[in-house]
Amino acid sequence: MIDGRRIDPWSSEQSTDYDRITNQFGLDSIELSKIPNPNILHRRGIIFAHRDLDIILNSIKKKEKFGVLTGLMPSGKMHLGHSMVIEQVKWFQEQGGDITVAVADLEALATRSTSLSKGREVAINEYIINYAALGLDPKSTNVYFQSKRPEVQRLAFTLGRRTNISEFEAIYGFGGDTNLAHVQAPLVQAGDIVHPQLEQFGGLRPIVVPVGIDQDPHLRLTRGIVSKTNWFNVKPRKQGGLTVALSIQDDNSEIMGISEDGKFNREVRNNLIDRMKNSIIKLGFADIFPNPKHGTIDVPGASNNDISSLKLSLLQLERKLGGMGIMPPCSTYHRFAVGMTGDKMSSSKPETTIFMDDSISQMEKKVKRAYSGGQSTIEEHRRLGGDCSKDVAFQYLQYFFEADDNHLNEIQRDYESGKLLAGEMKNICMENATSWLNDLSEKRDEWAGRAEEFLAPDAL
Ligand code: TRP
């Protein structure tokens, strides 16, 4: 829900004022021309915004490591809405990313009273099997359970030091009567998002989290917290180039050359600045202007494109010096498909969506009843044409069931010109949905009993 100031990740209300959200929360728009091998969600503007996606695109271009983190709530059934994130995950996987899937069994236990054993069963038999059927590759996918990964829980505690109740009030609108399960869940989710960067889970590398816009508050929280842990900040310089600056904190002040009594220790500081210089020189920059007293290093020859490689090498140094050395997560955001009834999609209202295991006749019933953008009489429809922006059958073709752009454009043209009638649009949708669902169900059968291939060793 959006009340003008906030997004509530637990509400089933959804705002669709994407421009306002983009501006208000400082998201960047997706530039299609920068996306290699765009999938249908990219091409159709459904993935519309991001934070720091350039870092990931850079890794893709340079064939450097990056990871993808996604999470699932193991309650209820998987439906079309959930498949959108998996389409994005699949795309990142095809571009070379490794995939980590968090089963939010602790969150489900705390916020929905789902037992851990029920959560496990739902995660595997309802979600993972469909991820497999949708084409995720088990070779570079690791599914884990929040309850079985102590590192994630430990991070939830240590990251909690960097935030407070006021920030939760500002981000989530929490007040005195907020259940503490809702305070814990975002911290555990921050742990989910950050932990793939730990040595034992793949080590330092950029991580991207594709989500629906409703999850952005968690990303803002996590990015804020992570930035506060960083020992070195990299920023554009006014005169051009980049500046690296120390972030002196309780945990690192001695290493940064500030003694316990607050005195400046020139030798320690010079030593640190030398190590930073070495990290920067290794990247190929020759002109470096350190100011040990200020704790800054200017790199006039660096450009904004170098920010991520500079950050990565300084995070590496931070780790050697005893810091966490983690990067703020990158993220992408997709628009929500409308519910079939014309308002929002929700698992608790089966008529608003199509479940992955709906039978063909269940699907057909829903499409036949779906909200239509056609005119009220055939004569009027022929004269005025239909409205694709309101027509659910058309939008489901656009979001899910018609992969061919030319064909989709043709359908749109014919509908808007009045050549194609609303009932005919629904027939096309039902036909495509039929083969989509049948194909998925066949693939699910192929994967039956093999979901384990996706599980991380600590999830077995
Ligand atoms: N909170 C998410 C949901 O309600 C599930 C989740 C847990 C998640 N951890 C995550 C999603 C990490 C993305 C990234 O669906």
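Residues numbered from 1 in each chain as written. Predicted model: local features only at pLDDT ≥ 70, side-chain atom pairs only at ≥ 80, totals over all residues. Heavy atoms only, no water.

1. A few points about the environment of Thr 22
Then step 1. Mapped onto the elements of the fold, Thr 22 is located in helix H1 (residues 18–24).
Then step 2. When neighbours within four sequence positions are excluded, Thr 22 is seen to be in contact with Leu 27, Ser 29, Phe 48 and Ala 49. (Helix = DSSP H or I, 4+ residues; strand = E, 2+ residues; numbered from the N terminus. Contact = heavy atoms within 4.5 Å.)

2. A few points about the side chain of His 218
Then step 1. Residue position: His 218 is located in helix H10 (residues 216–229).
Then step 2. There is a polar contact of 2.8 Å between the side chain of His 218 and the side chain of Tyr 172. (Polar contact = N/O pair within 3.5 Å; in protein donor to acceptor, adjacent residues only side chain to side chain.)

3. Observations regarding the domain arrangement of the chain
Many authors give the size of an interface as the accessible area that is lost as the parts come together.
Then step 1. Each domain of the chain was delimited in the assignment, giving domain 1 (18–229 + 328–336), domain 2 (232–321) and domain 3 (350–447).
Then step 2. One C-alpha centre belongs to domain 2, the other to domain 3, and the line joining them spans 56 Å. (Domains from an automatic or database assignment.)

4. Quick notes on the pattern of salt bridges
Then step 1. Using the criterion set out here, one finds 24 salt bridges in the structure.
Then step 2. Between Arg 161 and Asp 251 there is a salt bridge whose closest N-O contact spans 3.3 Å. Taken as a pair, Arg 161 in the loop between helix H7 (150–160) and helix H8 (165–172) and Asp 251 in the loop between strand S8 (242–246) and helix H11 (266–282) lie far apart in primary sequence, 90 residues in all.
Then step 3. Classification of Asp 251 as partly exposed rests on a relative accessible area of 42%.
Then step 4. Two residues, Arg 237 and Asp 298, come together in a salt bridge whose shortest N-O distance is 3.4 Å. Taken together, the positions of Arg 237 in the loop between strand S7 (232–236) and S8 and Asp 298 in strand S10 (residues 296–299) put the pair 61 residues apart, joining distant regions of the chain. (Salt bridge = Lys/Arg side-chain N within 4 Å of Asp/Glu carboxyl O. Buried < 20%, exposed > 50% of the residue type's maximum accessible area, 1.4 Å probe, protein only.)

5. Description of the packing of helix H9 (residues 181–194) against H10
Then step 1. Orientation of H9 relative to H10, taken along the N-to-C sense of each, is 70°, at an axis distance of 9 Å. As the angle between them shows, H9 and H10 are arranged roughly perpendicular. Crossing hand, H9 versus H10: right-handed. Of the residues in H10, those touching H9 at Pro 186, Leu 187, Gln 189, Ala 190, Ile 193 and Val 194 are His 218, Leu 219, Leu 221, Thr 222, Ile 225 and Val 226.
Then step 2. Residue composition of the contact of H9 with H10, grouped by class: nine nonpolar, three polar and no charged. (Axes fitted to C-alpha atoms, helices over the stretch in contact; angles between N-to-C directions. Parallel < 35°, antiparallel > 145°, perpendicular 65-115°, else oblique. Left-handed = near helix turned anticlockwise from the far one by under 90°. Nonpolar A, V, L, I, M, F, W, Y, C, P; charged D, E, K, R; others polar.)

6. Digging into the packing of aromatic side chains
To describe a pair of aromatic rings, one takes the distance between the centres and the angle between the planes.
Then step 1. Enumeration according to the criterion identifies 11 aromatic pairs in this entry.
Then step 2. The interplanar angle of 20° and the centroid separation of 5.1 Å between the aromatic rings of Tyr 172 and Phe 174 together place this pair among those described as stacked.
Then step 3. You can call Tyr 172 buried: its relative accessible area is 7%.
Then step 4. Under the relative-accessibility criterion, Phe 174 is labelled buried at 12%.
Then step 5. Here Phe 401 and Trp 436 contribute two aromatic rings whose centre-to-centre distance is 5.4 Å and whose plane-to-plane angle is 70°, an arrangement assigned as edge-to-face. A residue pair is termed long-range when its members are at least 10 positions apart, and Phe 401 in helix H15 (residues 392–401) and Trp 436 in helix H17 (residues 422–447) qualify at 35 residues.
Then step 6. Grouping aromatic residues by their ring pairs yields a cluster made of Tyr 396, Tyr 399, Phe 400, Phe 401 and Trp 436. (Phe/Tyr/Trp six-rings, centres within 6.5 Å; stacked < 30°, edge-to-face > 60°.)

7. Quick look at the site of the ligand
Then step 1. If you check the shell around the ligand, you find Leu 69, Gly 71, Met 73, Ala 104, Glu 107, Gln 189, Asp 192, Val 209 and Gln 215 and nothing else.
Then step 2. Here a nitrogen atom of the ligand and a side-chain polar atom of Gln 189 are 2.8 Å apart.
Then step 3. Note that a nitrogen atom of the ligand is positioned 2.8 Å from one of the side-chain N or O atoms of Asp 192.
Then step 4. When the ligand is considered free in solution it has 360 Å² of accessible area, and contact with the protein chains removes 88% of it.
Then step 5. If you map the ligand onto the pockets, it falls in the largest pocket.
Then step 6. Elements represented by at least two residues in the shell around the ligand include exactly strand S3 (67–72) and H9. (Near = heavy atom within 4 Å. Areas by Shrake-Rupley, 256 points an atom, 1.4 Å probe, with all protein chains shown as cover. 1 Å grid on protein atoms, 1.4 Å probe; cavity = no way out; pocket = protein on both sides within 12 Å on 5 of 7 lines; lining within 4 Å. Sits in = over half its atoms within 2 Å of the grid points.)

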